[in-house]
Amino acid sequence: MVQVGEAPHQRKQLPRFGELQTSRTMIHPSIPQPTPTGVDQDGSSLLSPYTFVVCADSQIGMTSGNREWETELEYSRQAIAYINNLQPRPLFCCMCGDLVDMEQSFFAEDGFTRQECDKIQDQQNTDFKKTWSALHEDIAMVCLCGNHDVGNRPTEGSIARFKNAFGDDYLAFWVHNTSYHIVLNTNLFMDPSAAQDLYDAQLTWLEDRLDYARRNQAQHIFVFGHHPWFLYHDDEEPEDLTGVNPYPVEWEGTGLGGGKTDGYPEKVFMIPKSRRIAVMKLFEEFGVTAAFSGHFHQNLISLSSFGMPMIVTSSLSLVYNSTGKPKGTEPNTRGVRIVEVGDTAGAFAHHFVSLT
């Protein structure tokens, strides 16, 4: 806010995007971080309720195959208007990946040159940031990378493009020195084959951060990523998933979606078991409170074998409706998820708000 007697042009702009996601943490006055010496344990850090918002798959350009993206930008504007009016004001909003739709490994063989793909992605990144800069300045904006940001088989180069636009691809931050939030680049867990060193480094960092959170008596540990670790149970194999996500009605008659199948099979949406198992063991060992993701383009809430909620949030672009999903209590529409963290260890509640 502009202070009394302060001219509007003197107002200091709060950090956004690359300025916010830096040094593997968050730099924003709404969520001040501990000193480098560690979390203060002198009794001044008490559990205090707070709210945050989870969004997913703004994926601007998706409806038209990247011929236009005003459609998805308008969906984002609706979400921003809703979030800005929330009381109490959320401390942060996390966009769980697929910020934009254009990524050259998807579209370079679909009527675009690689140079055109990169140019369109750059413009979409710019338009995303311009649009989401309307989020209230007191709400920190966390941006994860999804497969449409860095590719299904991410490389050092594709991840560097994301980092140049939005800052660190994985990071962690405290809220009130009592709740710890870990943001991951789950694309590397889906397929690390083109960036094995980056995958190894992130996995080592993740275990270190979980251990750090426990040593510093974190009362909640929330993990955010683009891909669900699992859809229905943490031991599932691809053959267990028989559902299909039919192509959205918005694509009828456009040729989008490939046309070779009836839709996207469920088995392509969750992290492979070979890399999931080690992470689930870490989540159980260190007491992760909940994991949040997008990617599935529909709401889904499941529990791990050790009781951790896997909370998948529907998109701010096109919505899918899997034939294999049990009927849920949340609407299958565009919208945002409101998360309310309580004042006792591990306590939190969440609900989805439809924006259609």
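Residues numbered from 1 in each chain as written. Predicted model: local features only at pLDDT ≥ 70, side-chain atom pairs only at ≥ 80, totals over all residues. Heavy atoms only, no water.

Enquirer: Sorry, what's going on with the packing of helix α3 (residues 114-132) against helix α5 (residues 156-166) here?
Expert: Axes are the key here: two packed helices are described by the angle between their axes and the distance separating the axes. At a minimum axis distance of 11 Å, the contact between α3 and α5 shows a crossing angle of 30°. Taken as axis vectors, α3 and α5 run roughly parallel relative to one another. As α3 runs across α5, the sense of the crossing is right-handed. Note on element contacts: α5 touches α3 through Arg 161, Ala 165 and Phe 166, opposite Asp 118, Gln 121, Asp 122, Asn 125, Phe 128 and Lys 129. (Axes fitted to C-alpha atoms, helices over the stretch in contact; angles between N-to-C directions. Helix = DSSP H or I, 4+ residues; strand = E, 2+ residues; numbered from the N terminus. Parallel < 35°, antiparallel > 145°, perpendicular 65-115°, else oblique. Left-handed = near helix turned anticlockwise from the far one by under 90°. Contact = heavy atoms within 4.5 Å.)

Enquirer: I tried to follow the sheet that holds strand β5 (residues 140-143) on my own but got confused; where do I start?
Expert: Hydrogen bonding along the main chain pairs the strands of a sheet, whether they run parallel or antiparallel. The five strands are arranged β5-β4-β3-β14-β15 in an open sheet whose pairing can be described as mixed. Each edge of the open sheet is held by one strand with a lone partner, namely β5 and β15 (348-354). In this sheet, neighbouring strand axes are inclined to one another by 20° on average, regardless of whether the strands run parallel or antiparallel. Across five bridges, the pairing between strand β3 (residues 50-55) and strand β14 (residues 335-341) is antiparallel. Its bridge partner being in β14, Val 53 is matched across the sheet by Ile 338. The strands that helix α1 (residues 70-84) touches are β3, β4 (92-95), β14 and β15; relative to β14, the one it contacts most, it runs at about 25°. (Pairing = 2+ DSSP bridges.)

Enquirer: Explain the pairing of strand β13 (residues 309-312) to me, please; I cannot follow it from the model alone.
Expert: Remark: a regular strand shows side chains that alternate across the two faces of the sheet. What you see with β13 is no split at all: Pro 309 and Ile 311 on one side and Met 310 and Val 312 on the other are buried throughout. Looking at chain direction, strand β11 (residues 290-293) and β13 are connected through three bridges and run parallel. What sits directly across from Ser 293, in β13, is Val 312. Relative to β13, strand β12 (residues 300-303) is paired through four bridges, and the arrangement is antiparallel. Across the sheet, residue Ser 302 finds its bridge partner in β13, namely Met 310. From the end of β12 to the start of β13, which pair antiparallel, there are five residues, and Gly 307 there has a positive phi angle of about 90°. (Buried < 20%, exposed > 50% of the residue type's maximum accessible area, 1.4 Å probe, protein only.)

Enquirer: Mind showing me how you'd approach helix α8 (residues 273-286) here?
Expert: Given 3.6 residues per helical turn, the α-helix brings residues three or four places apart onto the same face. Spanning 14 residues, α8 covers 20 Å between terminal C-alpha atoms, matching the ideal 20 Å at 1.5 Å per step. Three or more residues of α8 are buried, namely Lys 273, Arg 276, Val 279, Met 280, Leu 282, Phe 283 and Phe 286. Close packing links the buried residues of α8 with α6 (187-190), α7 (196-215) and β8 (220-224). At the C-terminal side of α8, Gly 287 shows a positive phi close to 70°. (Expected span 1.5 Å × (residues − 1).)

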